[in-house]
Amino acid sequence: MSLVNVHNEWDPLEEIIVGTPINGQLPQPDISVQAVDFPDIDNPQKIPVGKFPHHIIEETEEDIEEFIDTLNKLSITVRRPEPQNNEKVFTTPHWSSDGLYTYCPRDMILAIGNTVIEAPSSLRCRYFETKAYTNIFIDYMKSGSRWISAPKPELRDTTYLQNNGVFSISEDEPLFDAANILRLGDDLLYLVSNSGNLLGAQWLQSTLGPQYTVHTCYNENNFKHIDTTYSFIREGTLIYNPHRVNDKLFPKVLDKWDKIACPKMVPTSFYGDAPLSSPWIGMNILMITPNLAIVEKSQIHLIKLLEKIKVDVIPLQLRHTRTLGGGFHCITCDIRRRGNE
Ligand code: ABU
């Protein structure tokens, strides 16, 4: 039986990939890093670069170990990527870059039904990131899963566009991070942003075929990933980021959903001047079942809201979500959930 079998964000979780901060670094800044990760910094020289401090990596790995322990106690299988050498510079015909990290498998791996898809990221530094998961993908393929890589993009300088200070990406080739997409059964919600273009949505639709419908949606300021814009709790119920979407921006496919505004986030600290995540990383939660969520423990307002709508919460610590750019949804890729649609 295919080890990959996942149709939505909330069915009972059975298997998951959890990232690692080990060997993580901020790559040499280039136009892709500026456009996608630091669109608010107008002077490229102000973009942070280099290794994350040791204590950030160590404390994060410590927090992740406790997270994995919790998942194991819930009988959930956990797999981890092979740490990569991100310092190594690589070159394509158009540019050179070094790597970022393997902390956020959510950004690079899309699991839909029995298929894993390697995403065509608009960040040059992530060009080879999925290589850290090859052994896992081979295991999945041997179990009967499908394994696809989206066409490798060229990512020329002309990919990155700036209009009135807002970055976007061109429509020259399909581009998206897997974190631009959320699964609602046969409906997929696809955020068009500075990390995902319309051609990417079209590629996904044509690759998955008529069983699925890819619904494009937008948020304010073209902000990259969908999992700090929407958190899906269970069939028919979602939490949205009121700073990024409103009645005008909700896509039609969500017409019948109960949409609850995310309460204010509790501010959490970060290292340096420019973190990889916004404060909304606090709403980046992982559903274990439709009635059980893992939430970063400082987010007490969100925890209260979830309890009010009858979701039990396991509050866990993840101290460096803003510095490293990932909460519990980002640092995972759910591979198998019980349920068939
Ligand atoms: N990788 C998720 C980052 C999203 C945010 O900072 O809001």
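That block above? That's the structure.
Residues numbered from 1 in each chain as written. Predicted model: local features only at pLDDT ≥ 70, side-chain atom pairs only at ≥ 80, totals over all residues. Heavy atoms only, no water.

Engineer: Just give me the short version of the overall build of the protein, but keep the residues and values in it.
Structural biologist: A count of helical and extended segments in the protein gives seven helices and 21 strands. In terms of overall size, the protein behaves like a compact globule, its C-alpha atoms giving a radius of gyration of 18 Å where 341 residues would be expected to give roughly 20 Å. Considering the protein as a whole, with its 341 residues, one finds that 60% of them fall into the buried category. Residue pairs at least 24 apart in sequence account for 72% of intrachain contacts in the protein once pairs closer than 6 positions are excluded. (Helix = DSSP H or I, 4+ residues; strand = E, 2+ residues; numbered from the N terminus. Rg over C-alpha atoms; globule rule 2.2 N^0.38 Å. Buried < 20%, exposed > 50% of the residue type's maximum accessible area, 1.4 Å probe, protein only. Contact = heavy atoms within 4.5 Å.)

Engineer: Requested: an account of the packing of aromatic side chains, with residues and values cited.
Structural biologist: Going through the model one piece at a time under the given rule, you end up with 16 aromatic pairs. Between W95 and Y127 the ring centres are 5.3 Å apart and the planes differ by 90°, which places this aromatic pair in the edge-to-face class. Linking W95 in the loop between β5 (90-91) and β6 (96-97) with Y127 in the loop between β8 (115-118) and α4 (134-142), this pair joins segments that are 32 residues apart in sequence. Residue W95 shares its accessibility class with Y127, and that shared class is buried. Grouping aromatic residues by their ring pairs yields a cluster made of W10, Y230, F232, Y240, F250 and W257. The ring of F223 has R244 lying over it, and the distance from NZ or CZ to the ring centre is 3.8 Å. (Phe/Tyr/Trp six-rings, centres within 6.5 Å; stacked < 30°, edge-to-face > 60°. Lys NZ or Arg CZ within 6 Å of the ring centre and 35° of its normal.)

Engineer: Tell me what's going on with the site of the ligand, and back it up with residues and numbers.
Structural biologist: For the ligand, the full set of nearby residues is F223, H225, T228, R244, S277, S278, I281, G325 and C330. Side-chain polar atom of H225 to a nitrogen atom of the ligand: 2.9 Å apart, as the coordinates give it. Here S278 contributes a backbone N or O atom positioned 2.7 Å from an oxygen atom of the ligand. (Near = heavy atom within 4 Å. Polar contact = N/O pair within 3.5 Å; in protein donor to acceptor, adjacent residues only side chain to side chain.)

Geometric descriptors of this kind do not, in isolation, establish any biological role.
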